[in-house]
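Here is what each chain is made of, one letter per residue.
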Amino acid sequence: GQQLNQSPQSMFIQEGEDVSMNCTSSSIFNTWLWYKQDPGEGPVLLIALYKAGELTSNGRLTAQFGITRKDSFLNISASIPSDVGIYFCAGDTSGTYKYIFGTGTRLKVLA
Amino acid sequence: DVKVTQSSRYLVKRTGEKVFLECVQDMDHENMFWYRQDPGLGLRLIYFSYDVKMKEKGDIPEGYSVSREKKERFSLILESASTNQTSMYLCASSSERQFTDTQYFGPGTRLTVL
């Protein structure tokens, strides 16, 4: 099945740094979701975006729904060690409840 | 808070065995999903259900079947387990309150088929 292009695939950062990751698609999306997955656990929803141009924050996390509806980014400010994990984006193209998932960005934070 | 639970966190089965993975959600959600997650491939949709006794094939339904006899419970069945079905299996649910609502995931079942 179709997958989103998510980048970077992995990143090492120093504690306190800001982090940015993004997802792009050739399809127009109606909804963008961002999840975090800890090792051995299921993904946990971080932010949901429903409108083009929408900018939403959740604590130190900020995500935006791109104006073209084909991309989204997630920023994490002032990273801390517990931010370690895999971050996934997901998008819905047709409102059929069938989301397409990115392959994930693995984040490692160096204390 | 939405809670999605899966019957087992870890499961080891032998080739040819019939395997049942159970998922229960407590938020009266209409939609439920089964995914498998493999390194480098992301999440791939196996089956989903938008109502009791209703099911739709996802992207990779071969070798799997599902059952939804009650709204809160969605079961994934491997009729005859094979080694290539070793994977992390994730269940999710979502409501129909919004046209496209967010999906909430369970903790996952890591299945190993020997």
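These notes cover the structure that comes with them. (Residues numbered from 1 in each chain as written. Chains lettered and ligands numbered in written order. Predicted model: local features only at pLDDT ≥ 70, side-chain atom pairs only at ≥ 80, totals over all residues. Heavy atoms only, no water.)

**Considering the overall build of chain B**
Stage number 1. In terms of helices and strands, chain B carries zero helices and eleven strands.
Stage number 2. Mapped from its N terminus to its C terminus, chain B presents α and β elements in the order β-β-β-β-β-β-β-β-β-β-β.
Stage number 3. When the backbone C-alpha atoms are referred to their principal axes, chain B occupies close to 40 × 30 × 25 Å.
Stage number 4. Taken across its 114 residues, chain B has 49% of its residues classed as buried.
Stage number 5. Sequence separation of at least 24 residues holds for 56% of the intrachain contacts in chain B that already meet a minimum separation of 6.
Stage number 6. When the accessible area of chain B is evaluated, it comes to approximately 5500 Å², of which 49% is carbon and sulfur surface. (Helix = DSSP H or I, 4+ residues; strand = E, 2+ residues; numbered from the N terminus. Buried < 20%, exposed > 50% of the residue type's maximum accessible area, 1.4 Å probe, protein only. Contact = heavy atoms within 4.5 Å. Areas by Shrake-Rupley, 256 points an atom, 1.4 Å probe, with all protein chains shown as cover.)

**What about the state of the cysteines?**
Stage number 1. Counting across every chain of the model gives two disulfides over all chains.
Stage number 2. Linked covalently through their sulfurs, C23 of chain A and C89 of chain A form a disulfide whose S-S length is 1.8 Å. Looking down the S-S bond of the C23 of chain A and C89 of chain A bridge, the torsion is -95 degrees, so its handedness is left-handed. Residue C23 of chain A is located in strand 3 (residues 19-24), and its partner C89 of chain A is located in strand 9 (residues 85-92); the two are separated by 66 residues in the primary sequence.
Stage number 3. Given the relative accessible area of 0%, C23 of chain A is considered buried.
Stage number 4. Covalent S-S linkage joins C23 of chain B and C91 of chain B, the inter-sulfur distance amounting to 1.9 Å. The chirality of the disulfide connecting C23 of chain B with C91 of chain B is left-handed, given an S-S dihedral of about -75 degrees. Of this pair, C23 of chain B sits in strand 3 (residues 19-25) while C91 of chain B sits in strand 9 (residues 87-94), and the two are 68 residues apart along the sequence. (Disulfide = S-S within 2.5 Å.)

**A closer look at the nonpolar core**
All names here are of chain A.
Stage number 1. Counting residues in each nonpolar core, the largest one holds 22 residues, and the members touching the most others are W32, W34, L74 and L107.
Stage number 2. Secondary-structure elements contributing two or more residues to this core are strand 2 (10-14), strand 3, strand 4 (31-37), strand 5 (44-49), strand 7 (61-65), strand 8 (71-76), strand 9 and strand 11 (105-110).
Stage number 3. If we ignore the near neighbours within four places in the chain, the residues touching W32 are L4, C23, I47, A48, L49, F65, R69, K70, D71, S72, C89 and A90. (Core = buried A, V, L, I, M, F, W, Y, C linked by side-chain atoms within 4.5 Å.)

**Focus: the packing of aromatic side chains**
Each aromatic ring pair is specified by the distance between its two centres and by the angle formed by the two planes.
Stage number 1. Overall, the coordinates contain nine aromatic pairs over all chains when judged by the stated rule.
Stage number 2. Between Y35 of chain A and F105 of chain B the ring centres are 5.2 Å apart and the planes differ by 85 degrees, which places this aromatic pair in the edge-to-face class. Placement of Y35 of chain A in strand 4 and of F105 of chain B in strand 10 (residues 104-105) is noted, with the two residues assigned to different chains.
Stage number 3. On the basis of relative accessible area, Y35 of chain A is assigned to the buried category, the value being 1%.
Stage number 4. For F105 of chain B, a relative accessible area of 10% puts it in the buried group.
Stage number 5. Members of the aromatic cluster, joined through ring pairs, are Y35 and F101 of chain A together with F33, Y35, F48 and F105 of chain B. (Phe/Tyr/Trp six-rings, centres within 6.5 Å; stacked < 30°, edge-to-face > 60°.)

**Describing the pairing of strand 9 of chain B**
Residue and element names in this part refer to chain B.
Stage number 1. A large share of strand 9 lies buried, amounting to eight of its eight residues.
Stage number 2. Both faces of strand 9 are covered, namely the face carrying S87, Y89, C91 and S93 and the face carrying M88, L90, A92 and S94.
Stage number 3. By the bridge criterion, seven bridges tie strand 4 (residues 31-38) to strand 9 in an arrangement that is antiparallel. Note on strand 9: the bridge partner recorded for F33 is A92.
Stage number 4. The sheet contact formed by strand 9 and strand 11 (residues 109-113) spans three bridges and is antiparallel. Bridging from a neighbouring strand, M88 pairs with R110 of strand 11. (Pairing = 2+ DSSP bridges.)

Function-wise, these values are silent; they only describe arrangement.
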